[in-house]
Amino acid sequence: MAQISLTFPDGNARSYEAGITAAEVAADISTSLAKKAISATVNDRHWDLQWPIAEDAAIAIHTMKDDDQALELIRHDLAHIMARAVQEIWPDVKVTIGPVIEKGWYYDFDRDEPFTPEDLGEIEKKMKEIINRRDPVTTDVWERERAVKYYEANNEPYKVELVGMIPEDQPIRMYWHGHWQDLCRGPHLQHTGQVPADAFKLMKVAGAYWRGDSDRPMLQRIYGVAFKTRQELKDYLTFLEEAEKRDHRRLGREMELFHFQEEAPGMVFWHPNGWTIYREMQDYMRRKLTRAGYREINTPQVVDRKLWEASGHWDKYRENMYITEIDEEHANEKRINALKPMNCPCHVQIFNQGIKSYRDLPLRLAEFGSCHRYEAHGALHGLMRVRGFTQDDAHIFCTEDQIEEECGRFIQLLSDVYRDAGFSSFDIKLSTRPEVRIGSDEVWDKAEKALEKAILSVRNDYEVDPGEGAFYGPKLDFKLTDAIGREWQCGTFQADFMLPERLDASYIGMDGEKHRPVMLHRAILGSFERFIGILIENYAGKLPFWLAPRQVVVASIVSDADPFVEEVTERLIAAGLRAEADTRNEKINYKVREHSVGKVPVILAIGQKEVADRTVTLRRLGEKQTRVVPLDEVVAALTAEATPPDMAA
RNA sequence: GCCGCAGUAGCUCAGUGGUAGAGCGCACCCUUGGUAAGGGUGAGGUCGGGAGUUCAAUCCUCCCCUGCGGCACCA
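Residues numbered from 1 in each chain as written. Chains lettered and ligands numbered in written order. Predicted model: local features only at pLDDT ≥ 70, side-chain atom pairs only at ≥ 80, totals over all residues. Heavy atoms only, no water.

### Some remarks on the overall build of chain A
The line we're drawing: Think of it this way: any DSSP run of H or I at least four residues long counts as a helix, any run of E at least two long counts as a strand, and we number them from the N terminus. Classification of residues uses two cut-offs on accessible area relative to the type maximum, computed with a 1.4 Å probe and protein chains only: under 20% is buried, over 50% is exposed, and between them is partly exposed. Residues are treated as being in contact if the distance between any of their heavy atoms lies within 4.5 Å.
Scanning chain A from N- to C-terminus turns up 20 helices and 36 strands. Principal-axis analysis of the C-alpha atoms gives chain A an extent of 90 × 75 × 60 Å. Taken across its 649 residues, chain A has 51% of its residues classed as buried. If you take every contact in chain A between residues at least 6 apart in sequence, the share linking residues at least 24 apart comes to 68%.

Written out as structure tokens, the structure reads:
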């Protein structure tokens with residue numbers, strides 16, 4: 001037998017016979033390691049203990065102490081255990097696939113009857129039973145034909161299809177958990193008893209298309225979460241409760257920010273409090289854009305289909321466009337209009353007015369563009385996905401040579417905005433040329449390089465998504481991370497070589513000839529609606545002072561203080577603050593509680609002492625201690641605090 | 001759009017084949033109380049919409065609408 005050399009993490013190497021398994025290597029080291037081992041890493045690949053090692057390699061044996069590997073295996077084995085439990089209870093159910101996902105796994109089943117919440121409890125019980133059986137996990141590689149025949153005989157058509165999808169050069173690997181069998185690339189644990197029986201939970205049932213294709217059958221998906229310990233599971237469930245508490249739909253109601261109703265699904269009714277946040281954000285953006293050299297414009301809501309046909313949107317997105325009908329009586333000619341689903345074609349119309357010179361470029365046209373898209377019912381989700389929304393949209397008309405400079409300026413602007421909104425980090429993704437595209441390779445080279453260079457001028461890390469660019473140009477997507485670690489894609493920067501062509505935009509170059517400009521589509525917030533939703537969730541409703549809809553409530557402790565409360569409130573309002581007086585016949589405890597629940601950042605309480613001294617007692621949201629401050633001082637301090645971040649000295 | 005679940009007072013939710021209830025909120029009264037709910041009284045509902053079954057439907061059946069969790073989609 002040939003000998004191979006395995007190098008351990010500590011740098012030591014040992015010689016073994018080729019074909020030795022990782023389990024045997026572990027056993028060679030110590031019996032306790034053999035028992036504790038869960039998997040190995042062999043030449044950077046996560047390796048099943050049972051797999052033979054054929055050649056020299058770097059090897060590391062994993063135990064439950066290695067979180068990454070442990071969690072992957074636990075979740076992956078649980079997927080199998082769950083599928084097995086389901087088939088033990090309902091032998092007719094057909095199995096499909098069950099991958100590991102963040103925090104857990106899912107498994108898709110084909111079953112006539114959907115699973116009920118009660119079924120989940122039963123499955124969970126069965127799973128624990130299986131874990132306690134401590135069945136060994138075994139694996140083998142089969143001939144393709146044998147696997148197909150096996151699955152055909154067992155009436156598992158999805159598995160037959162999966163076998164067929166495995167590339168010719170890949171092995172068909174089978175796994176057994178006890179008697180139960182599944183097609184799987186592995187790796188897995190040594191036996192089911194290695195899975196913690198008290199650190200997982202089945203979460204929900206949902207429909208999911210076979211292979212994610214809406215033309216294929218709808219399967220029943222069961223989601224589970226799993227951790228190494230019971231405590232981690234508990235912590236995660238607590239986290240979910242916390243996330244639910246910051247749900248913007250709930251806070252939107254509690255803080256009286258907005259509502260939705262049946263007559264206008266997916267359209268926001270902004271209440272005074274919510275609209276205050278919106279306006280504050282919009283004012284802020286307007287200042288930032290103006291300073292960054294943008295000119296603000298405004299374009300029609302209702303536009304003849306001819307323009308959408310010319311832009312190409314009619315062909316592709318007609319299903320999702322709101323079409324207007326005019327009462328015949330009042331129309332001389334039948335015209336079909338659409339509510340604009342996007343602003344770019346209208347912006348080109350403004351560019352096209354008059355003759356543009358290269359001296360006009362780059363021309364940056366910004367619009368808080370109100371758009372309507374008929375989104376699928378199932379897609380709507382609070383402010384995050386709506387049918388009527390306003391983009392912080394702008395189009396930069398420029399030359400190919402100006403792309404890089406404009407991209408760099410944009411990223412700078414975007415960084416400022418995210419920072420001011422309270423997001424400390426964001427990721428950038430560069431999507432490059434797809435197979436089907438327009439424009440010469442030369443132009444693509446230039447554009448992709450320009451975007452890349454622009455990113456590198458501000459930071460050194462970004463992700464590349466090859467082939468995921470739009471057919472009309474490469475793009476950047478910007479994802480920010482919120483306070484509880486969730487990612488939201490907000491900003492975008494897209495180079496477009498097509499629309500100027502389709503809508504015949506041109507400028508006169510230095511050479512006196514006509515040229516096509518490049519159009520850069522860009523947004524920072526995405527839509528105001530969604531961004532405000534993200535802000536609400538990020539801050540759990542406790543918005544920074546400059547954005548808080550109600551910044552200060554001045555509350556009387558005794559009714560004798562009411563006149564001074566009114567005076568203080570007027571002073572604050574005169575200073576530009578959003579202040580309200582609360583002189584209701586209620587105790588101060590009650591008022592403090594109510595305004596705390598309402599997320600008012602500052603409460604100023606006024607009783608007899610304050611009236612006598614012309615002071616206020618200041619209490620900040622979430623803090624217990626109070627502070628007595630002279631009136632003049634509090635007005636000055638709060639006014640300074642209310643200054644938006646871009647205006648602060 | 002697809003799968004599943006849900007829709008009862010402003011909110012959160014209970015309930016029944018014989019047209020409804022709680023807590024909070026709201027209004028009024030008492031209370032002037034010092035930092036997260038003082039007390040009393042009262043008003044408030046075509047039980048999401050339509051059709052059907054039934055002597056009788058908020059409850060059972062069907063269709064539609066909206067919402068929720070996923071999936072698909074997101075110019």
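### Points about the protein's contact with RNA strand B
Which entries qualify depends on this criterion: When at least one non-hydrogen atom of a residue lies within 4 Å of a molecule or strand, that residue is treated as near it. Nitrogen and oxygen atoms within 3.5 Å of one another constitute a polar contact, given that in protein one can donate a hydrogen and the other can accept it, and given that sequence-neighbouring residues count only through two side-chain atoms. Under this grouping Gly is polar, as are all residues other than the nonpolar Ala, Val, Leu, Ile, Met, Phe, Trp, Tyr, Cys and Pro and the charged Asp, Glu, Lys and Arg.
For RNA strand B, the set of nearby residues contains 51 residues, the closest of which are His377, Ile557, Asn585, Arg593 and Glu610. Across the atoms of RNA strand B situated within 4 Å of the protein, the share located in sugar and phosphate is 50%. Within the side chain of histidine 381, a nitrogen or oxygen atom sits 3.4 Å from a phosphate oxygen of RNA strand B. Within the backbone of lysine 609, an N or O atom sits 3.3 Å from a base oxygen of RNA strand B. At the level of secondary structure, the elements contributing two or more residues to the surface near RNA strand B comprise strand 14 (200-209), strand 15 (218-226), helix 8 (248-254), helix 11 (313-317), helix 18 (588-597), helix 19 (608-613) and strand 35 (615-620). Top contributing element to the surface near RNA strand B by residue count: helix 18, with seven residues. A per-class count over the surface near RNA strand B returns 21 nonpolar, 17 polar and 13 charged.

### Concerning the environment of leucine 638
Within the secondary structure layout, leucine 638 lies in helix 20 (residues 631-641). Placed 314 residues apart in sequence, leucine 638 and threonine 324 show a C-alpha to C-alpha distance of 48 Å. Excluding its chain neighbours within four sequence positions, the residues that come into contact with leucine 638 are Phe545, Val552, Leu572, Leu577, Val602 and Arg620.

From the geometry alone we can't say anything about function, so treat these as descriptive.
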